[in-house]
Amino acid sequence: MEKTFSLHIHDFSLVRGGAIYQLLLRLSLIKPGSISIIRRCIFFALITWLPLLVLSVVQRRALDSALKVPFLKDIEAYSRFLIAVPVLIAAEVVIDTSVRTTAKYFLHSGLVEPAELSDFKAAMREIAKLRDWVFLEPCLLLIAYILTGIVFTHRLTSVTSVWSAIATGTTKQLTLAGWWYALVSLPISQFLLFRWLWRFLLWFRFLWRLSQLNLQLVATHADLAGGLGFLGLNQIPFGSIPFAISIVLSGNFCQKVIYQGVSIATFKFQIIIFLVLSLIFTLVPLLVFSGKLLKLKIQGFQRYGSLVSQHNLLFEQKWVKGKVPKGESPLGSPDISSLADLGASFETIKKMRIVPFGLGTVIILGSLIILPLLPLFLIAIPLEQITDIALKVLFGV
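My aim in this report is to walk through the structure given alongside it, one point at a time. Computed from a predicted model, the values in this text were never measured in an experiment. Residue positions within a chain follow its written sequence, with the count starting from 1. The predicted nature of this model means local features are confined to residues of pLDDT at least 70 and side-chain atom pairs, given and counted, to a pLDDT of 80 or more, with totals for whole chains, interfaces and linings taken over all residues. As a convention, hydrogens and water are excluded, and side-chain values are obtained from all of the structure's heavy atoms.

## What about the side chain of Q235?
Then step 1. For the purposes of this entry, the term helix denotes a DSSP run of H or I that reaches at least four residues, the term strand denotes a run of E that reaches at least two, and both are numbered from the N terminus. Of note, Q235 is situated in helix α9 (residues 230–235).
Then step 2. Per-residue accessibility, obtained with a 1.4 Å probe over protein chains only, is compared with the maximum for each type, and a residue is labelled buried under 20%, exposed over 50%, and partly exposed between these values. Here Q235 falls in the buried class, since its relative accessible area comes to 0%.
Then step 3. Pairing of N or O atoms within 3.5 Å defines a polar contact, subject to two protein rules: one partner must be a possible hydrogen donor and the other a possible acceptor, and residues neighboring in sequence count only if both atoms are side-chain atoms. A polar contact is formed between the side chain of Q235 and the side chain of W203, at a distance of 3.0 Å.
Then step 4. Setting aside its immediate chain neighbours within four residues, Q235 contacts F200, W203, T282, L283, P285 and L286. Contacts between residues were defined by any pair of non-hydrogen atoms, one from each residue, lying within 4.5 Å.

Here's what the structure looks like:
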């Protein structure tokens, strides 16, 4: 039975299912049993970025100096289609591996009682069913097209001459590349992001189902999270989603700084808000265990507090007041070491967190999210100043 269940655990996945996954299998862009990143990265670059280049060249809008932003100088297009989209595709490997590792840990660490294995299986089956819902991806694609329409409606009312649109007086119209961008490139990139948001919700749902089980948590666990500390590290790969969004934001901000002369200070509040919301977004699924951890900590204080009080009372009677129990030698008694052990356990409970992640997880995620925005700051700082700072850091001069 355990072997059969292990096979189910091995097959558990947030990404290996759905209409698009089956389509990519038929196109041989995904091999059965693997995720095949490189093939799909090349494929999506070919259908999102390369046609834009070809059509821009055809209409002489790739390097036209008369344009405010010719295609080959469009930083946002590079960041969105050649970096962010591959990141969203590559995230399938790291996140899927993390998801399966987490599920296996819950099972093999003893956190899930044998009597609740059926509920554990039911949670996995529910996630697989929602992942494979036939109407899901068409709905996500429809939402992507609706939002694309809104974006281009705004763009055509305020656009200057760029590679994607021509402004002649009060009349604006899309170029050939602009039409491809509106009908293919942008909807695909948005669809990939929305699909990840749905998968993230599935992961949220799975963790919530697990939080409803009678998990075997230990208040004195060394990870200071009752035995759930592994969740914080395993959640870090989900930072790939805001990381990809940060790449697009960075490209957009850099473009405005370079071509429109916008000050970097204009974006400081947007960056702060984005960072905070991204951290909340990534870590909030883990908060479903906070109720159990808080209850565990309170119970640990009560139980170990009572035990420490009883032990201290006996310790004082024996070692301070000299009331040695009849027949027991005062030499070689383990009472002192057990007192130290109890004190250490009680200190562990005092330090125990009510969230299954620590400051280290927050710092790693924050660094991952803010990393793509560093070029924005480098643009604003003169090269000579960067060199001076580097010399001072490295050589103290």
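We are not done yet, so read on.
## A closer look at the environment of L365
Then step 1. Considering the arrangement of structural elements, one finds L365 in helix α14 (residues 359–370).
Then step 2. Residues L365 and I236, 129 residues apart in the sequence, show an inter-C-alpha distance of 6.3 Å.
Then step 3. Other than its neighbours up to four places away in sequence, L365 contacts I236, G239, L279, T282 and L283.

## Concerning the packing of helix α3 (residues 37–48) against helix α4 (residues 50–58)
Then step 1. Working convention: axes come from line fits to C-alpha atoms, limited for helices to the stretch in contact. Angles between N-to-C directions cover 0 to 180 degrees. The contact between α3 and α4 brings their axes to 3 Å, and the two run at 30°. In terms of orientation, α3 and α4 fall into the roughly parallel class. Facing A45, L46, I47 and T48 of α3, the residues of α4 in contact are L50, P51 and L52.
Then step 2. The class makeup of the residues in the contact of α3 with α4 is six nonpolar, one polar and no charged. Roughly parallel means an angle under 35 degrees; roughly antiparallel, over 145; roughly perpendicular, 65 to 115; everything else is oblique. In this classification, the charged set is Asp, Glu, Lys and Arg, the nonpolar set is Ala, Val, Leu, Ile, Met, Phe, Trp, Tyr, Cys and Pro, and all remaining amino acids, among them Gly, are polar.

## Details of the nonpolar core
Then step 1. As used here, the term nonpolar core means buried Ala, Val, Leu, Ile, Met, Phe, Trp, Tyr and Cys residues forming a set that is joined through side-chain atoms within 4.5 Å. One finds F106, F120, F206, L228 and F289 to be the most contacted residues of the largest nonpolar core, which totals 80 residues.
Then step 2. With 16 residues, the top contributor of residues to this core is helix α8 (residues 176–211).
Then step 3. If sequence neighbours within four positions are ignored, F106 has contacts with L111, V112, F120, L210, L215, L228, F230, L231 and F289.
Then step 4. In this structure, F253, C254, V257 and L376 belong to the second largest nonpolar core, which totals seven residues.

## With respect to α3
Helical periodicity: at 3.6 residues per turn, an α-helix aligns residues three or four positions apart in one direction.
Then step 1. Multiplying one less than the number of residues by 1.5 Å gives the expected span of a helix. Its 12 residues give α3 an end-to-end C-alpha distance of 16 Å, which sits within 8% of 16 Å, the value for a rise of 1.5 Å per residue.
Then step 2. Looking at α3, one finds that the buried residues are R40, C41, F44, A45 and T48. With its buried residues spanning 135° around the axis, α3 presents them on a single face.
Then step 3. Buried residues along α3 sit against α2 (19–26), α4, α5 (75–108) and α8. Throughout, the arc means that of the directions going from the helix axis to the C-beta atoms.

## Overview of the side chain of T348
Then step 1. Here T348 shows up in helix α13 (residues 335–351).
Then step 2. The class for T348 is buried, based on a relative accessible area of 18%.

## Overview of the packing of α5 against helix α10 (residues 240–260)
Then step 1. Put simply, α5 and α10 touch, their axes get as near as 8 Å, and they point 170° apart. One element, α5, and the other, α10, form an angle in the roughly antiparallel class. On α10, the residues that touch I75, E76, S79, R80, I83, A84, V87, L88, A91 and V94 of α5 are S240, F243, A244, I247, V248, G251, N252, C254, Q255 and I258.
Then step 2. Grouping the amino acids of the contact of α5 with α10 by side-chain chemistry returns 13 nonpolar, five polar and two charged.

## Points about unusual backbone geometry
Then step 1. Even without being a glycine, S28 presents a positive backbone phi close to 65°.
Then step 2. Judged by its relative accessible area of 46%, S28 falls in the partly exposed class.
Then step 3. Positive phi is not limited to glycine here, since L224 has a value of about 60°.
Then step 4. Mapped onto the elements of the fold, L224 is located in the loop between α8 and α9.

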